[in-house]
Amino acid sequence: MRPAASRAAPWLWLAAAARVASPFSTRAMYAELDRSLERYAAVESADAAFAYLKDLIERPEHSYHNTLFVLDGVVYCDRRFLATDKNNKHVAMVGSLAALGVDPPNVVYRFIYGAEGYNKGDALARHPVLVIAKYDGYGDAGVLAPNPYFLDLRAWDEERRRILAKAHARPYGGRDGRVFWRGEIASHDSDVETRADHGTAAERAAFFCAEEGGNYARLQAASLTLAAPAKVDVRCVSRHSCRPRDAARHPCAAYPYDGDMARAANRPKDLVDRGGFVDLPEYTRYQKVLNLPGKTTGSYSRNLNHLWALGAVVLLWEANYVEWYYPLLAHGETHLAVNKSSLLAALDAIDALPDANRTALRVRAKEIDDRVVSGKGIAAYFGALFDRLRARFSLGAVLDDPCARARLFRAANCSALDLVAVAPAAESFFKSWPGGPGHMRRLDAARVPAAPTDCNAIYKRARDACAAAGRGDP
């Protein structure tokens, strides 16, 4: 995410880069998926797979309650897993795969929703964990999966259709030429002063300075709105959501404010969009759209999910974190990678490009939307991910055989689990409706419908299927 070319002006090479972009391929994304699984020891027999799965079921990871089973299309998880909104969204996404043409195979896995990924050392030894981002890049532990803000993929595609219709109705040449972003600039100031659970005042200051990267990047970009308002429209959505760190009270050596940032931090009201929330399809009013790191830890931001569909030139703020499809991204082909010192030059370079070359950037961004972050693209990736988990750990030898599955759930000690089942739904788990400023539409984050169950019920169904196959009592 920090290509040397992005830091090296001039930008004249962009014209050539956009012309010679290679045919689109998802090969690099799946190569990284394969590489991430190679660090885990393969399981090569049914007996070894039985032991692997039994261990996975019996040893819940700390307080995460994050072991999931997908069996015959039904998603099973711990009831406490669904207490977190992001986990609901993940279950809804997996539960919608069949509606997108991918029947999920039988699989058991662990999932962590945190934006920083998972890097716990000894946990690498046996069971991979699905993560939605890797904060320090591909060397981090875990196996990358789509972030949960794609929701139920049917709802996601409905949202995409609204965006694509607006993009089609707004030709690029008639759009606002500034670069656009809306979101929140948060502050950890109160945490530094009050979070006794994070140690002494000095320890709290160090901890929250380490979390400051995303808000720092956001303030860097927003400060250019004041410095270059004719080129940059990067703002907060409300006064409540515009609270830059007070650098005098809480200095962070790694994140010093320059003059632009200090002025912006002292004038947060000037960074607020007085029109308030901007509905996603209205981002199509702009020729250029910017993605910035997340405010909580400086990792991924869900804002990027929909930027590829806008028909705009996409700009990504330089950072180390990666998501599952980042192996497909190339500076100068799918997007431009920028930082505070290069953003204004990049905007000038985009405007100076011949129409054909600028269009090439937008077309390649649209291919990311069509082929990768569409409902169909995400479903295809999950199908490939689950297939690879099954192959690496021989899961099918146990989970696809009703007799072996019955033996597993009869033998496993499930006392630490409070299982519920989420069956596929005929309609989207998440509904959308009009309302609010500009008749914006929002997705309902209600809990997915989950029915209580237990390992004994799974055992009985498998036992009955085993008997129906004429194989006796497992």
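Quick note: structure is the one above.
None of these values were measured; they are calculated from a predicted model. Numbers given for residues are sequential positions, taken from 1 along each chain in its written order. Totals for whole chains, interfaces and linings use all residues, but because this is a predicted model, local features are given only for residues with pLDDT of at least 70 and pairs of side-chain atoms are given and counted only at 80 or more. Excluding hydrogens and water, the side-chain figures rest on all heavy atoms present in the structure.

Asks: Would you mind going over the state of the cysteines with me for this structure?
Replies: Put plainly, two cysteines are in a disulfide when a covalent bond ties their sulfur atoms together. By convention in this document, the label disulfide applies to cysteine sulfur atom pairs within 2.5 Å. Tallying each qualifying case throughout the model produces 4 disulfides. C209 shares a disulfide with C252; S-S distance 2.0 Å. Taking the torsion about the sulfur-sulfur bond, which here is approximately -85°, the covalent link between C209 and C252 counts as left-handed. Of this pair, C209 sits in helix α8 (residues 201-210) while C252 sits in the loop between β7 (232-236) and α10 (259-266), and the two are 43 residues apart along the sequence. Helix and strand definitions here come from DSSP, where helices need a minimum of 4 consecutive H or I residues and strands a minimum of 2 consecutive E residues; each element is numbered from the N-terminal end.

Asks: Just to check I follow, could you spell out the sheet that holds strand β10 (residues 336-338) for this structure?
Replies: Backbone-to-backbone hydrogen bonds pair the strands of a sheet. The strands run either parallel or antiparallel. Strand pairing is assigned whenever DSSP identifies at least 2 bridges connecting the two strands. Here 5 strands make up an open sheet; going across it, the order is β7-β6-β8-β9-β10 and the pairing parallel. Two strands close off the open sheet at either side, each with one partner strand: β7 and β10. In this sheet, adjacent strand axes meet at a mean angle of 25° when their direction is disregarded. The pairing of strand β9 (residues 313-317) with β10 spans 3 bridges and is parallel. Across the sheet, the residue bridging to L316 is A337, located in β10. Residue contacts are counted whenever heavy atoms from the two residues lie within 4.5 Å of one another. Every axis corresponds to a line fitted to the C-alpha atoms, with the helix fit spanning only the stretch in contact, and the corresponding angles, defined between N-to-C directions, vary from 0 to 180 degrees. Docked against the sheet, helix α9 (residues 213-227) engages β6 (176-183), β7, β8 (286-291) and β9, running at close to 125° with respect to β7.

Asks: How should I be thinking about the nonpolar core in this particular structure?
Replies: If you look at soluble globular proteins, the nonpolar side chains tend to sit buried side by side. By convention a nonpolar core is built from buried Ala, Val, Leu, Ile, Met, Phe, Trp, Tyr and Cys residues, the set being connected through side-chain atoms within 4.5 Å. The rule is simple: take the accessible area with a 1.4 Å probe, protein chains only, and divide by the maximum for that residue type; under 20% is buried, over 50% is exposed, in between is partly exposed. In terms of nonpolar packing, the biggest core is built from 106 residues, with F69, Y109, W308, W324, Y325, L385 and F386 touching the most fellow members. Ranked by residue count, the leading element in this core is helix α14 (residues 375-393), at 9 residues. The contact partners of Y325, leaving out residues within four places of it in the chain, are M29, L304, W308, I368, V372 and V373. In terms of nonpolar packing, the next biggest core, distinct from the first, is built from 33 residues, A217, C236, A264 and W317 among them.

Asks: Just to check I follow, could you spell out the pattern of salt bridges for this structure?
Replies: Pairs may arise between side chains of opposite charge once their charged atoms sit close together. By convention in these notes, a salt bridge is any Lys or Arg side-chain nitrogen within 4 Å of a carboxyl oxygen on Asp or Glu. By the definition in use, this model includes 38 salt bridges. Residue D55 pairs with R59 through a salt bridge whose shortest N-O separation is 3.0 Å. Linking D72 and R405 is a salt bridge whose minimum nitrogen-to-oxygen distance equals 2.9 Å. With D72 in the loop between β1 (67-71) and β2 (74-78) and R405 in helix α16 (residues 402-411), the pair connects residues that are 333 residues apart, well separated along the chain.

Asks: How should I be thinking about the environment of R392 in this particular structure?
Replies: Residue position: R392 is located in helix α14. Judged by its relative accessible area of 24%, R392 is partly exposed. Through-space distance from the C-alpha of R392 to that of A41 is 8.2 Å; in sequence the pair is 351 residues apart. Among residues more than four places away in sequence, those in contact with R392 are L37, E38, Y40, A41, A42 and V43.

Asks: Where do I start with the packing of helix α6 (residues 153-169) against α14 in this structure?
Replies: Packing of α6 against α14 brings their axes to within 9 Å, and their N-to-C directions diverge by 150°. Classed by the angle they form, the pair α6 and α14 counts as roughly antiparallel. For the pair formed by α6 and α14, the contact residues are L153, W156, D157 and R160 on the first element and G375, K376, I378 and A379 on the second. Taken together, the residues that form the contact of α6 with α14 break down as 4 nonpolar, 1 polar and 3 charged. Oblique is the label for any angle not covered by the other classes, which are roughly parallel (under 35 degrees), roughly antiparallel (over 145) and roughly perpendicular (65 to 115). Under the convention adopted here, Pro, Cys and the residues Ala, Val, Leu, Ile, Met, Phe, Trp and Tyr are nonpolar, Asp, Glu, Lys and Arg are charged, and Gly plus all remaining residues are polar.

Asks: Can you help me understand the packing of aromatic side chains in this one?
Replies: Each pair of aromatic rings is reported with the distance of its centres and the angle of its planes. A pair of aromatic rings is counted whenever rings of Phe, Tyr or Trp (Trp by its six-membered ring) have centres within 6.5 Å, and the orientation is called stacked for planes under 30 degrees apart, edge-to-face for over 60 and tilted otherwise. Under the counting rule described, the total for this entry stands at 18 aromatic pairs. With 5.5 Å between their ring centres and 70° between their planes, F69 and F409 make a pair best called edge-to-face. Remark: F409 occurs in helix α16 and F69 occurs in strand β1; sequence separation between them is 340 residues. F409 matches F69 in its accessibility class, with the two residues each being buried.

Asks: I'm lost on the pairing of β7 in this one. Help?
Replies: Looking along a regular strand, one sees side chains alternate from face to face of the sheet. Across the 5 residues that make up β7, a large majority, 5, are buried. Alternating residues of β7 divide into V232, V234 and C236 and D233 and R235, and every residue in both groups is buried.

Asks: Explain unusual backbone geometry here, please?
Replies: A negative phi holds for most residues other than glycine; trans holds for most peptide bonds. At L151, a residue that is not glycine, the phi angle is positive and equals roughly 60°. With respect to the helices and strands, L151 occurs in the loop between β5 (143-144) and α6. A positive phi is found at S394, a non-glycine position, where the angle reads about 50°. With respect to the element layout, S394 can be found in the loop between α14 and α15 (396-399).

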